[in-house]
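Architecture at a glance
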2 protein chains.
Amino acid sequence: MANYEAVANQFIEFYYNTFDTNRQGLISLYRGTSLLTFESAQTQGDKDIIEKLVSLPFQKVIHKVVTQDAQPMSNGGIVVLVTGGLMVDDSPAPLAYSQIFVLQPDGGSYYVAHDTFKLTYPLV
Amino acid sequence: MANYEAVANQFIEFYYNTFDTNRQGLISLYRGTSLLTFESAQTQGDKDIIEKLVSLPFQKVIHKVVTQDAQPMSNGGIVVLVTGGLMVDDSPAPLAYSQIFVLQPDGGSYYVAHDTFKLTYPLV
């Protein structure tokens, strides 16, 4: 449990780097039971999740993490809240987002059991 | 599992209503093992969590939920991402926040196993 922050740091760096350079490569991070909620649309299973992520309508994407907060779970998992910004294609300004990851241990590594991604907008 | 969204809805309404009217009353929602990360400061246990929440330096507070996304967990839990706005005291504009709750079943009800709260700011 002591190193949950190191695991979260390493995961987040790897996840967004892979997302931004080789989205298809994210498939190794999900399992058949994994759940993704992307902009309130829910998808289950590694294959369907990757199909969803790969089909997102942008070519270039850069994530910039602004904050990350991790907690250890009693079952060995880690729950992480990321807030950050997303630059897609030639958009002039980043879009703000918040994202949850629930990581679960699996044979010396971790997979994404839960992933919830939500764009956030300035409040009026 | 089918009604995880109804549980999440009911919880969120109850949680913020209690927070905004009787912060001390939130203690029934946490346990000794619960973890709170509030603006990146981590606190464990119902008593310390309530002490933290009650000591927050504002008198009046109103939460307005903008979005909520829930997922069922394999152990019977529910993970929820809330985004919303917070009005404190006589501040003219709401502060945007994102919050994770991981709810766990406990004798016919649910408690908060994990709570991560983070204010979010416009990106430059």
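Conventions we followed
Residues numbered from 1 in each chain as written. Chains lettered and ligands numbered in written order. Predicted model: local features only at pLDDT ≥ 70, side-chain atom pairs only at ≥ 80, totals over all residues. Heavy atoms only, no water. Helix = DSSP H or I, 4+ residues; strand = E, 2+ residues; numbered from the N terminus. Buried < 20%, exposed > 50% of the residue type's maximum accessible area, 1.4 Å probe, protein only. Polar contact = N/O pair within 3.5 Å; in protein donor to acceptor, adjacent residues only side chain to side chain. Pairing = 2+ DSSP bridges. Contact = heavy atoms within 4.5 Å. Buried area = accessible area lost by both parts, 1.4 Å probe. Salt bridge = Lys/Arg side-chain N within 4 Å of Asp/Glu carboxyl O. Least-squares fit on C-alpha atoms with pLDDT ≥ 70 in both. UniProt positions renumbered as here; feature names shortened; annotations may be inferred. Axes fitted to C-alpha atoms, helices over the stretch in contact; angles between N-to-C directions.

A word on the side chain of T116 of chain A. Relative to the helices and strands, T116 of chain A resides in strand β6 (residues 109–120). Using a relative accessible area of 1% as the deciding quantity, one classes T116 of chain A as buried. Within the local environment of T116 of chain A, its side chain forms a polar contact with the side chain of Q71 of chain B, the two groups lying 3.4 Å apart.

It is worth spelling out the pairing of β6 of chain A at this point. Residue and element names in this part refer to chain A. For β6, the buried fraction is high: 10 of the 12 residues fall into the buried class. As paired strands, strand β1 (residues 30–38) and β6 are joined by 5 bridges and run parallel to one another. Bridge assignment links F38 to a residue of β6, and that residue is F117. For strand β5 (residues 95–106) and β6, the ladder comprises 11 bridges, and the chain directions are antiparallel.

Let's shift gears to the interface of chain B and chain A. The partner chain A presents 33 residues to the 33 residues of chain B that form the contact. At the boundary of chain B with chain A, total buried surface from both sides reaches about 2500 Å², with 65% on carbon and sulfur atoms. In terms of surface lost to chain A, no three residues of chain B exceed D69, Q71 and L123 of chain B, which account for 25% of the buried area on that side. Inspection of the region where chain B meets chain A yields 2 salt bridges.

Let us look at the relation of the copies chain B and chain A. For the pair chain B and chain A, the relating rotation is 180 degrees, the translation along its axis is 0.0 Å, and the fit reaches an RMSD of 0.0 Å. Look at the turn and shift together and you get a two-fold axis relating the two. A symmetric contact is evident, with 100% of the interface residues of chain B recurring at the interface of chain A.

Now for the UniProt feature "domain: NTF2" (unreviewed entry) in chain A. When the UniProt feature table is mapped onto this chain numbering, "domain: NTF2" (unreviewed entry) sits at residues 7–119 of chain A. The distance separating the terminal C-alpha atoms of residues 7–119 of chain A is 25 Å; by composition the span is 21% helix and 52% strand.

Our focus in this paragraph is the sheet that holds strand β2 (residues 41–44) of chain A. Working definition: the strands of a sheet are paired by backbone hydrogen bonds and lie parallel or antiparallel to each other. Residue and element names in this part refer to chain A. If you walk across this open sheet you meet the 6 strands as β2-β1-β6-β5-β4-β3, and the pairing is mixed. Looking at strand neighbours, the two that pair on one side only are β2 and β3 (61–72), the edges of this open sheet. This sheet shows a mean twist of 15 degrees between the axes of neighbouring strands, independent of strand direction. Along the sheet, helix α2 (residues 46–54) makes contact with β1 and β2, crossing β1 at roughly 40 degrees.

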